[in-house]
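A closer look at the structure
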Amino acid sequence: MRDIAAGLRRWLTGDEPFVLAVIARTWSSAPRPAGTMMAVSSGGEVLGSLSGGCVEGAVYELAQEVLDDGLPRAAHYGVSDDDAFAVGLTCGGHLDVVLRRFLPRSEEVRLLTEAVTRLDADEPFALAMPVATGTATVQPGEPLGRLLLITDATAKGALSSARLDEAIAADARGWLAAGRTGILTIGTDGQRLHDDQEVLVVSLTPRPRMIVFGAIDYARALAELASFVGYRVTVCDARPIFATPRRFPSADEVVTQWPHRYLEAEIVAGRITATTVIAMLTHDLKFDVPLLEVALRCEVGFIGAMGSRRTNEQREQLLREAGIGEAELSRLHAPIGLDIGARTPEATAVSIIAEVVQCLWGGSGLPLRTTDGPIHQI
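Residues numbered from 1 in each chain as written. Predicted model: local features only at pLDDT ≥ 70, side-chain atom pairs only at ≥ 80, totals over all residues. Heavy atoms only, no water.

An unreviewed UniProt entry annotates the protein as Xanthine dehydrogenase accessory factor of Brevibacterium celere.

This is how it looks when you write it as structure tokens:
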């Protein structure tokens, strides 16, 4: 939903209906996961993508039908043995999609508006919607694709009976806490041991953080790419002449503070988690060593440092003298980045992001043409 939020924000205050198409379930090598959204306006504008180009044309045509008659629809897309390039996913995957029309100033539009607002504020919530397997058109009033917005404290919207909505909200809160998205099966009156109703629960948790230390040109390129990938980016440097929002327009915040003091304060405040990425680009030992003493002793997802091999050797020796053990040092990715031959700040940013993704999401780092098995890791 994040990738279409900016466009949706415009439509939600407009006077035209639009259709929201949501991936309910995927199989095999489908390129995008359940919960991915695409929107089609009555004027023909499209936001987002469900498959990277394989089925968007067919979904667009189906959205026109939904706009015309207002009836929600479920659709299944997969490889066609007769003509794999006609509609299906040439990658070999399969996916179920649910489409529903949203009318201006409706309750459902108000729920989407709150969802976009919560995304902007990085506040966690879940969206629950009834889905279906296969291809079908349902009658007016059916809850297919209808929204329930769930937070830790509230549930807004109505899918069916109050008991069903309460049961879905209770289970969705557990899924939200775990950051889980998928199909919840439940009875039509909220019975936990029944599977009459399938409900897609989409958990939207705050963006993971990347803290970039060192307000240099490489940091500007990294902040831009990290933001594009989906990180909430902080740039921190002790030098106020360099650490300015104007120099880092892609960063969510720019902080003027000694790096180790800033990180200590963030740890105490509980804002450093197992998903946080620390990228230290200062390659200046008076900043690096105190910062790494703090970083290597806290729970953090990735710690990387820029610098030559000689700088890294000096840095590691100083850290050992400061009492950092070999197990802690083994967490340090330095020099940071994968070996892709990068020379410019922009290409170096690609190198760094590639190593972060490989480390946190899994992968060999090898060219895909030299590997076997599924391309998309489960």
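**Focus: the overall build of the protein**
Rules: What counts as a helix is a DSSP run of H or I of at least four residues, what counts as a strand is a run of E of at least two, and both are numbered from the N terminus. A simple rule labels every residue: compare its accessible area, found with a 1.4 Å probe on the protein chains alone, to the largest value its type can have, and call it buried under 20%, exposed over 50%, or partly exposed in between. Any two residues having at least one pair of non-hydrogen atoms within 4.5 Å are treated as being in contact. In this description, accessible areas are obtained by the Shrake-Rupley approach with a 1.4 Å probe, and a residue is regarded as covered only by the protein chains that are shown. The charged-residue count follows a simple rule in which Lys and Arg add positive charge and Asp and Glu add negative charge, with His and chain termini not counted at all. By convention, the point assigned to a charge is CZ for Arg, NZ for Lys, CD for Glu and CG for Asp.
For the protein, the count of helices and strands is ten helices and 17 strands. With the C-alpha coordinates of the protein rotated into their principal frame, the extents come out at 70 × 50 × 45 Å. Burial analysis of the protein (378 residues in total) assigns 45% to the buried set. Within the protein, contacts between residues separated by at least 24 positions form 59% of all contacts whose residues are at least 6 apart in sequence. With the model as given, the accessible surface of the protein reaches about 18100 Å², and the carbon-plus-sulfur share is 51%. Taken together, the 35 basic and 48 acidic charged side chains of the protein have centroids lying 7 Å from each other.

**Some details on the nonpolar core**
Here is the rule we go by: Put simply, buried Ala, Val, Leu, Ile, Met, Phe, Trp, Tyr and Cys residues joined by side-chain atoms within 4.5 Å make one nonpolar core.
Met1, Leu8, Phe18, Leu20, Met37, Leu112 and Phe125 are the most contacted members of the largest nonpolar core, which totals 33 residues. Listing elements by their share of this core, those giving two or more residues are helix H1 (5-12), strand S1 (18-27), strand S2 (37-41), strand S5 (94-102), helix H3 (107-120), strand S6 (125-131) and strand S11 (197-204). If one sorts the elements of this core by residue count, H3 sits on top with six residues. For leucine 112, the residues in contact, after removing those within four places along its chain, are Met1, Leu12, Phe18, Leu20, Phe102 and Leu147.

**Let's talk about the environment of phenylalanine 287**
Here phenylalanine 287 lies in helix H7 (residues 285-295). Expressed as a C-alpha distance, the spacing of phenylalanine 287 and tryptophan 27, which sit 260 residues apart in the sequence, is 48 Å. With sequence-adjacent residues up to four places away left out, phenylalanine 287 is seen in contact with Ala238, Trp258, Pro259 and Thr282.

**Regarding the side chain of arginine 25**
Selection rule: We define a polar contact as two N or O atoms separated by no more than 3.5 Å, with the added condition that, inside protein, one atom must be a possible hydrogen donor and the other a possible acceptor, whereas residues neighbouring each other in sequence contribute only through side-chain atom pairs.
Relative to the assigned elements, arginine 25 resides in strand S1. Engagement of the side chain of arginine 25 in a polar contact is seen with the side chain of glutamate 198, the distance being 2.9 Å. Not counting chain neighbours up to four residues away, the residues in contact with arginine 25 comprise Ala34, His94, Leu95, Asp96, Thr133, Ile183 and Glu198.

**Notes on H1**
Note the cut-off: Working note: the arc is built from the helix axis to C-beta atom directions.
The set of residues buried in H1 consists of Ala5, Gly7, Leu8, Trp11 and Leu12. Down the axis, H1 shows its buried residues gathered within 155 degrees of arc, on one side only. Contact partners of the buried residues in H1: S1, S2, strand S3 (46-47) and H3.

**Regarding the sheet that holds strand S12 (residues 209-213)**
Selection rule: What makes two strands pair is DSSP finding at least two bridges between them. Each axis is a line fitted through C-alpha atoms, taken for helices only over the stretch in contact, and angles between the N-to-C directions span 0 to 180 degrees.
A sheet is described by the order of its strands in space; here six strands give the open sequence S14-S13-S12-S15-S16-S17, paired in parallel fashion. Of all the strands in the sheet, the pair left with one neighbour each is strand S14 (253-256) and strand S17 (332-333). Here four bridges tie S12 to strand S15 (residues 277-280), and the two strands are oriented parallel to one another. Residue pairing for S15: isoleucine 211 is matched across the bridge by isoleucine 278. Those strands touched by helix H6 (residues 259-268) are S12, strand S13 (232-237), S14 and S15, and its axis lies near 160 degrees from that of S12.

**What about unusual backbone geometry?**
Going from alanine 334 to proline 335, the amide bond is cis rather than trans, its omega being -5 degrees. By the element assignment, proline 335 lies in the loop between S17 and helix H10 (345-361). In this structure, arginine 105 takes a positive phi of about 60 degrees despite not being glycine. A residue is classified by how much of its surface remains accessible, and arginine 105, at 56% relative accessible area, is exposed. At aspartate 122, a position not held by glycine, the phi torsion is positive, near 55 degrees. As for its position among the elements, aspartate 122 is in the loop between H3 and S6. Taking the relative accessible area as the measure of exposure, aspartate 122 reaches 14% and is therefore buried.

**Remarks on the packing of helix H5 (residues 217-229) against H10**
For the record, the criterion: Note on terminology: angles under 35 degrees are roughly parallel, angles over 145 are roughly antiparallel, angles of 65 to 115 are roughly perpendicular, and the others are oblique. For any pair of crossing helices, the crossing counts as left-handed if the nearer helix is rotated counterclockwise from the farther one by less than a right angle, and right-handed if it is rotated clockwise. Each residue is assigned to one class: nonpolar for Ala, Val, Leu, Ile, Met, Phe, Trp, Tyr, Cys and Pro, charged for Asp, Glu, Lys and Arg, and polar for all the others, Gly among them.
For the pair H5 and H10, the least separation of the axes is 8 Å and the interaxial angle reads 50 degrees. Classified by the angle their axes make, H5 and H10 are oblique. For H5 against H10, the interelement crossing comes out right-handed. Residues Asp217, Tyr218, Ala221, Leu222, Leu225, Ala226 and Val229 of H5 touch H10, and the partners they reach there are Pro345, Glu346, Thr348, Ala349, Val350, Ile352 and Ile353. Residue classes in the contact of H5 with H10 are distributed as eleven nonpolar, one polar and two charged.

**Re the pairing of strand S4 (residues 73-77)**
Of all five residues that make up S4, four are buried, and the element is covered over most of its length. Where S4 meets S5, five bridges bridge the pair, whose relative direction is antiparallel. The residue bridging arginine 73 from the neighbouring strand is leucine 99, located in S5. By the bridge criterion, two bridges tie S4 to strand S7 (residues 136-137) in an arrangement that is antiparallel.

**Some points on the domain arrangement of the protein**
Threshold: For the purposes of this description, domain bounds are those given by an automatic or database domain assignment.
Domain annotation of the protein identifies domain 1 (4-204) and domain 2 (209-361). The centre of domain 1, based on its C-alpha atoms, is set 37 Å off from the matching centre of domain 2.

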